[in-house]
Amino acid sequence: MPIRLLLCCLFALPTVVVADANEGQFMGYELGTEYPALPRDVEVTTVGNLLIEAENPTKPADIARVSLVATPETRTIGYIIAASWYATEGEAREVGRRYVELLRAKYPDWDFGREMMDASLRIVEVNFDRAPYNLQLRLVRDEHNGRSMWRISMGLGWQRESGELHAWQNKAVTEQAVAKATEYEQLMKESDVRGL
């Protein structure tokens, strides 16, 4: 009887509560899904994808911003990034250590490691992997609000050699090519090209 009650309670929970990185979900968004609305705050990355500041993330209180990397036309999410900034490296490292331990507890069956070090041999990146996903924590010096600060970021994406990442990249390249062709066509219509 207690097992049935536990199972009933578990299945009665909203999916947001039980959703997690094991299903490609992070900070209230899911890899491979379309961002629901035309974003208000968006930048274009150097390769032509969108960097969207998420408007309704589900996040811990100490996460300052959630950003999404998405394809330019359908806004299909390919990477989810949560970040916070700190005045000192010590503060940032302490927060980073706390999140490493929290993620190790939450995802004990994910491969942990693949660390990167800076020139002083201090760890600045840690990875958690479970095919096809990669959850990465990074510490970098960053400019924020006009000040030099330390940023801790956690990002969920697909592993480098996964079919899911290649499919998303192909979709992004196709959408970028269509957008560029449309832009060039419009430029030609609006320009005086005599003698060119």
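Here we summarise the structure given alongside this text. In this text the structure is predicted, and so the values were computed from the model without any measurement.

1. A look at the overall build of the protein chain
- Along the backbone of the protein chain there are four helices and 10 strands.
- Along the protein chain, helices and strands appear, N-terminal first, in the series α-α-β-β-β-β-β-β-α-β-β-β-β-α.
- Viewed in the frame of its principal axes, the protein chain has a C-alpha envelope of about 80 × 50 × 30 Å.
- Going through the 196 residues of the protein chain one by one, you find that 37% of them count as buried.
- Only carbon and sulfur atoms are counted for the fraction: they give 56% of the accessible area of the protein chain, which is about 12400 Å².
- Looking at charge distribution, the protein chain has the averaged site of its 22 positive side-chain charges lying 3 Å from that of its 29 negative ones.

2. Describing the packing of aromatic side chains
- A full pass over the atoms with the stated rule returns three aromatic pairs.
- Pairing Tyr-107 with Trp-110 gives two aromatic rings, centres 5.1 Å apart and planes at 45°, and the pair type is tilted. You'll find Tyr-107 and Trp-110 in the same group, each marked buried.
- Relative to Phe-128, the ring of Phe-112 has its centre 5.0 Å away and its plane inclined at 45°; by these criteria the two rings are tilted. Separated by 16 residues along the polypeptide, Phe-112 in strand 7 (residues 111-117) and Phe-128 in strand 8 (residues 123-130) bring together distant segments of the chain.

3. Description of the pattern of salt bridges
- Enumeration according to the criterion identifies 10 salt bridges in this entry.
- In this structure, Asp-62 engages Arg-98 in a salt bridge whose closest nitrogen and oxygen atoms are separated by 2.5 Å. Here Asp-62 is found in the loop between strand 4 (50-53) and strand 5 (65-70), whereas its partner Arg-98 is found in helix 3 (residues 89-106), with 36 residues between them in sequence.
- When its relative accessible area of 26% is taken as the criterion, Asp-62 is described as partly exposed.
- Note that Arg-138 and Glu-125 form a salt bridge whose closest N and O atoms lie 3.0 Å from each other. Here Arg-138 is found in strand 9 (residues 133-144), whereas its partner Glu-125 is found in strand 8, with 13 residues between them in sequence.
- Accessibility expressed as a relative area gives 33% for Arg-138, which makes it partly exposed.
- Among the residues examined, Glu-125 registers a relative accessible area of 6% and is labelled buried.

4. Quick word on unusual backbone geometry
- Residues Ala-131 and Pro-132 are joined by a peptide bond in cis, for which omega reads 5°.
- Structurally, the position occupied by Pro-132 is in the loop between strand 8 and strand 9.
- Residues other than glycine seldom take positive phi values, yet Arg-75 does so here, at roughly 60°.
- Note that Arg-75 resides in the loop between strand 5 and strand 6 (77-86).
- With a relative accessible area of 19%, Arg-75 lands in the buried category.
- Positioned with a positive phi, Arg-114 is a non-glycine residue whose angle comes to about 45°.
- Following the sequence through the fold, Arg-114 ends up in strand 7.

Thresholds, definitions, all that
As a convention, each chain's residues are numbered from 1 in the sequence order in which they are written. At least 70 in pLDDT is required for a residue's local features to be given in this predicted model, at least 80 for side-chain atom pairs to be given and counted, and no such filter applies to totals for whole chains, interfaces and linings, which use all residues. To get the side-chain values, take all heavy atoms of the structure and skip hydrogens and water. A helix here means a DSSP run of H or I that spans at least four residues, while a strand means a run of E at least two residues long, and both kinds are numbered starting from the N terminus. Each residue is assigned to one of three classes by its accessible area relative to the maximum for its type, calculated with a 1.4 Å probe on protein chains only: buried under 20%, partly exposed between the two thresholds, exposed over 50%. The Shrake-Rupley method, run with a 1.4 Å probe sphere, supplies the accessible areas, and residue values consider only the shown protein chains as cover. This count recognises Lys and Arg as positive and Asp and Glu as negative, with His and chain-terminal groups excluded. Here the site of a charge means atom NZ of a Lys, CZ of an Arg, CG of an Asp or CD of a Glu. Two aromatic rings, drawn from Phe, Tyr or Trp (for Trp, its six-membered ring), form a pair once their centres lie within 6.5 Å of each other, and the interplanar angle then sorts them: stacked below 30 degrees, edge-to-face above 60, tilted otherwise. Whenever a carboxyl oxygen of Asp or Glu lies within 4 Å of a side-chain nitrogen of Lys or Arg, that contact is scored as a salt bridge.

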